[in-house]
Amino acid sequence: MSAAASLQPGVPGIVEQVATARRRSRVRWRLQFALTWAVLLGLLGFALWASGNINLDFIASAGPYIVQGAWLTLLICISSIALAVVLALIGALGRLSSNPVLNGIASLYVSLVRGTPLLVQIFFVYLALPQLGLTLPVVLGGIVALGFNYGAYMTEIFRAGIQAVPRGQAEAAEALGMPQRLVFRRVVLPQAFRIVIPAIGNDFIAMIKDSSLVYVLGVQELLWRASTLGRRELASLEGLLIAAAVYWGMTIVFSFFQERLERRMARGDR
Amino acid sequence: MTDAALPAHVGDVIVRATGIEKYFDDNHVLRGIDLEVRQREAVMIVGRSGSGKTTLLRCLNFLEEPTVGSVWIDGVEVAADPLHARDRRHQEQIRQIRLRAGMLFQEFNLFPHMSVLDNCIEAPLRVRGEARQRAIERATYYLEVVGLVEKRDEFPARLSGGQKQRVAIARALCMEPKVLLFDEPTSALDPELIGEVLRVMEDLAHSGTTMIVVTHEMHFAREAADRVVFMEDGVIAEQGPPEQILEAPRDERTKRFLRRFLLT
């Protein structure tokens, strides 16, 4: 820094001044940003309160019960994403397979699931499967429906991730005499995983919200608790506000981890 | 070439490619190549880009399946079988060839998710089923040979290009191949990093490592080669000792090719 300053004999301390100014403007920007949020949210809260229609007693009494539905939401999301990852890995292998039957199965899975609404798929598990003689417990049914749905989207992500590993990596492993299976497991797959981890994180955050759809099965997760109690006590507004706040909070928390993870990955290979 | 022209240090034939032809669709890239390489011999393949030299090298370990021809390395012979290239038996034969031929790439292709040491012991552990201790000892030895033993716990991203290529050489040597195939090993390097890689290669050549090198480094070929093979249009146009090929070429095409290098 002193060397840089000495190169600027006409303006002593200019380097430090520029750095200070830049730091100040950054702090100011953040303050104004945070203030904007606080004001907007404050106005929203005030408007709701001022309308006189908010039942604070309901929030106090039913709130904890509704909020605790978040645990089931989380459990469903974690289980579904795990199922989706497994399906996606198998699906991606199928989509990349030179075997027309395997490739056909995987492509049909992706096409069917992506071509129909998630809600239809959830109803299918809940209403149509029992007609075929298969009745799943509701929580499991929700997990299966969400996992199958996300697995199809993730299949394409995994396929792209595997294809994004440079061809030279597999060639180097093959040249060392590694058999195909080992090449894939030890060289290609670990690198593909690193490529798709941010996308899996994105899907997880999206799933936190999509998991609300399983309330139609009667799974007592966040939205089910909010809407059922709200309707019974004529406090749907309050119930839904609580649920929305919890969903929002969860996505903020996971987005924070997701961003940190992505930044760490962006820094490259250790 | 006749036996009289062989340098004294070379041994028996260890690599023999016979009648190699390669088409990419209807592009006839290799038009009948016969090549024999002897133990401890350093063969440098030169020629303009598009002459087929890299394709030839990749055909030797079947990273490209030749359309016609066969490759014999140290007792294992594999005939080109483009119609059944993916068949398990053919793939297993190819693997036996690859276990005898280490390969170095222009882009190094170190495994970025493994440390330098893990890069070196991965194949010995999982392909040759070697004991871990033994694999580590050998990796340490070869990392010393390339002068990078102190980097054994680093990840490839932290190495310079020259260091990466030297690690790749150590990784290949850890499989104790009969021959090393170099595919333009310095072409992706900054000029100031080329020397360290060429030095390692020259040491290997002088200590009796059998190698086949595709290169544009004429000076290096002159210093380290036992034999220079000049390729043009998918055939071997001329081959012989470096002094002969690089200084007194007889083939008109070789002369034209070398004129470019002499001018610079």
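Residues numbered from 1 in each chain as written. Chains lettered and ligands numbered in written order. Predicted model: local features only at pLDDT ≥ 70, side-chain atom pairs only at ≥ 80, totals over all residues. Heavy atoms only, no water.

(A) Spotlight on the overall build of chain B. In terms of helices and strands, chain B carries 9 helices and 10 strands. Whereas a compact globule of 264 residues would reach a radius of gyration of roughly 18 Å, chain B reaches 18 Å, a difference of no more than 12%. Burial analysis of chain B (264 residues in total) assigns 56% to the buried set. Partitioning the intrachain contacts of chain B with sequence separation of at least 6 by distance along the chain shows that 65% fall at a separation of at least 24. Per element, the accessible surface of chain B, about 11,700 Å² overall, is 44% carbon and sulfur. The average position of the 35 basic charges and that of the 42 acidic charges among the side chains of chain B differ by 2 Å. (Helix = DSSP H or I, 4+ residues; strand = E, 2+ residues; numbered from the N terminus. Rg over C-alpha atoms; globule rule 2.2 N^0.38 Å. Buried < 20%, exposed > 50% of the residue type's maximum accessible area, 1.4 Å probe, protein only. Contact = heavy atoms within 4.5 Å. Areas by Shrake-Rupley, 256 points an atom, 1.4 Å probe, with all protein chains shown as cover. Lys, Arg positive; Asp, Glu negative; His and termini not counted. Charge placed at Lys NZ, Arg CZ, Asp CG, Glu CD.)

(B) Structural view of the overall build of chain A. For chain A, the helix and strand inventory stands at 10 helices and 0 strands. Secondary structure elements of chain A, listed N to C terminal, follow the sequence α-α-α-α-α-α-α-α-α-α. A compact globule built from 270 residues would reach a C-alpha radius of gyration of about 18 Å, whereas chain A, at 26 Å, exceeds it by more than 25%. The principal-axis extent of the C-alpha atoms belonging to chain A is close to 85 × 75 × 25 Å. Counting every position in chain A, which comprises 270 residues, the buried fraction comes to 36%. Taking the contacts inside chain A whose residues are at least 6 apart along the sequence as the reference set, 78% of them involve residues at least 24 apart. Accessible area for chain A stands at about 15,800 Å²; split by element, carbon and sulfur atoms hold 67% of it.

(C) Structural context of the interface of chain B and chain A. Across the boundary between the two partners, chain B contributes 27 residues, which contact 20 residues of chain A. For the chain B and chain A pair, buried surface summed over both sides reaches about 2,000 Å², with 59% attributable to carbon and sulfur atoms. Considering only the side of chain B, the residues that lose the most area to chain A are F111, H113 and R126 of chain B, jointly responsible for 26% of the buried surface there. Linking chain B with chain A are 2 salt bridges. Of the charged contacts, one joins E122 of chain B and R186 of chain A as a salt bridge, the two residues approaching to 2.7 Å between their closest N and O atoms. Counting across the chain B and chain A interface gives 6 residue pairs in polar contact (both at pLDDT 80 or more). (Buried area = accessible area lost by both parts, 1.4 Å probe. Salt bridge = Lys/Arg side-chain N within 4 Å of Asp/Glu carboxyl O. Polar contact = N/O pair within 3.5 Å; in protein donor to acceptor, adjacent residues only side chain to side chain.)

(D) Broad picture of helix α1 (residues 53–60) of chain B. Residue and element names in this part refer to chain B. In terms of residue burial, α1 counts as a mostly covered element, since 7 of its 8 residues are buried. Those residues of α1 not exposed but buried are K53, T55, L56, L57, R58, C59 and L60. Positive backbone phi, at 65 degrees, marks F62, one or two positions downstream of α1.

(E) Expanded view of unusual backbone geometry. Residue and element names in this part refer to chain B. Unlike most non-glycine residues, D25 shows phi in positive territory, near 50 degrees. Tracing the sequence through the fold places D25 in the loop between β1 (13–24) and β2 (27–38). By relative accessible area, D25 is classed as exposed at 77%. Although it is not a glycine, F62 sits at a positive phi angle of roughly 65 degrees.

(F) A look at the environment of M231 of chain B. Residues and elements named next belong to chain B. Secondary-structure assignment places M231 in strand β9 (residues 227–232). Sequence separation of M231 and L99 is 132 residues, and the distance between their C-alpha atoms is 27 Å. Discounting chain neighbours no more than four positions away, the residues touching M231 are L30, I33, I45, V46, G47, R48, S51, G52, K53, L56, I236 and A237.

(G) Representation of the pairing of strand β4 (residues 68–73) of chain B within the structure. Residue and element names in this part refer to chain B. Burial runs high along β4: 5 of the 6 residues are buried. Where β1 lies against β4, 5 bridges are found, and the strand directions are antiparallel. Considered in β4, the bridge of A17 is made with V71. Two successive antiparallel strands, β4 and strand β5 (residues 76–79), enclose a turn made up of 2 residues, where D74 displays a positive phi of approximately 45 degrees. (Pairing = 2+ DSSP bridges.)

(H) Representation of a positive patch on the surface within the structure. There is a patch of like positive charges on the surface, built from R22, R23, R24, R26, R28 and R30 of chain A. Considering the arrangement of structural elements, one finds R24 of chain A in helix α2 (residues 14–50). (Patch = residues over 30% accessible without salt bridge, like charges linked within 9 Å, V, L, I, M, F, W, Y side chains within 5 Å.)

(I) Here's a closer look at the sheet that holds β2 of chain B. Residues and elements named next belong to chain B. Reading across from one edge, β2-β1-β4-β5 is the order of the 4 strands in this open sheet, with antiparallel pairing throughout. Looking at strand neighbours, the two that pair on one side only are β2 and β5, the edges of this open sheet. Averaged over all pairs of adjacent strands, the angle between their axes in this sheet comes to 10 degrees, without regard to strand direction. Against the sheet, α1 touches β1, β2 and β4, its axis set at about 60 degrees to β2. On the sheet, helix α2 (residues 88–100) packs against β4 and β5 and is oriented at approximately 130 degrees with respect to β5. (Axes fitted to C-alpha atoms, helices over the stretch in contact; angles between N-to-C directions.)

(J) Up close: a nonpolar patch on the surface. Residues and elements named next belong to chain A. Together, W29, F33, W37, L41, L44, W248 and I252 make up a nonpolar patch on the protein surface, roughly 780 Å² of accessible area in all. Of all the secondary structure elements, the ones that give two or more residues to the nonpolar patch are α2 and α10 (236–266). Considering each element in turn, the nonpolar patch owes the most residues, 5 residues, to α2. Turning to its location among the elements, L41 is positioned in helix α2.

(K) Fine view of the confidence of the model for chain B. All names here are of chain B. For chain B, per-residue confidence averages 92 on the pLDDT scale, and 97% of positions sit at 70 or higher. By mean pLDDT, the top-scoring element of chain B is strand β7 (residues 179–183) (97), and the lowest-scoring one is helix α9 (residues 252–263) (82). Both scores are given for the predicted complex: the pTM is 0.84, the ipTM 0.92. (pLDDT = per-residue confidence, 0-100.)

(L) Examining the pairing of β2 of chain B more closely. Residue and element names in this part refer to chain B. Two strands pair when backbone bridges link them, and β1 and β2 are joined in this way by 9 bridges, in the antiparallel orientation. Note that in β2 the partner of F24 across the bridge is N27. Here β1 hands over to β2 after 2 residues, with D25 in that stretch at a positive phi of 50 degrees.

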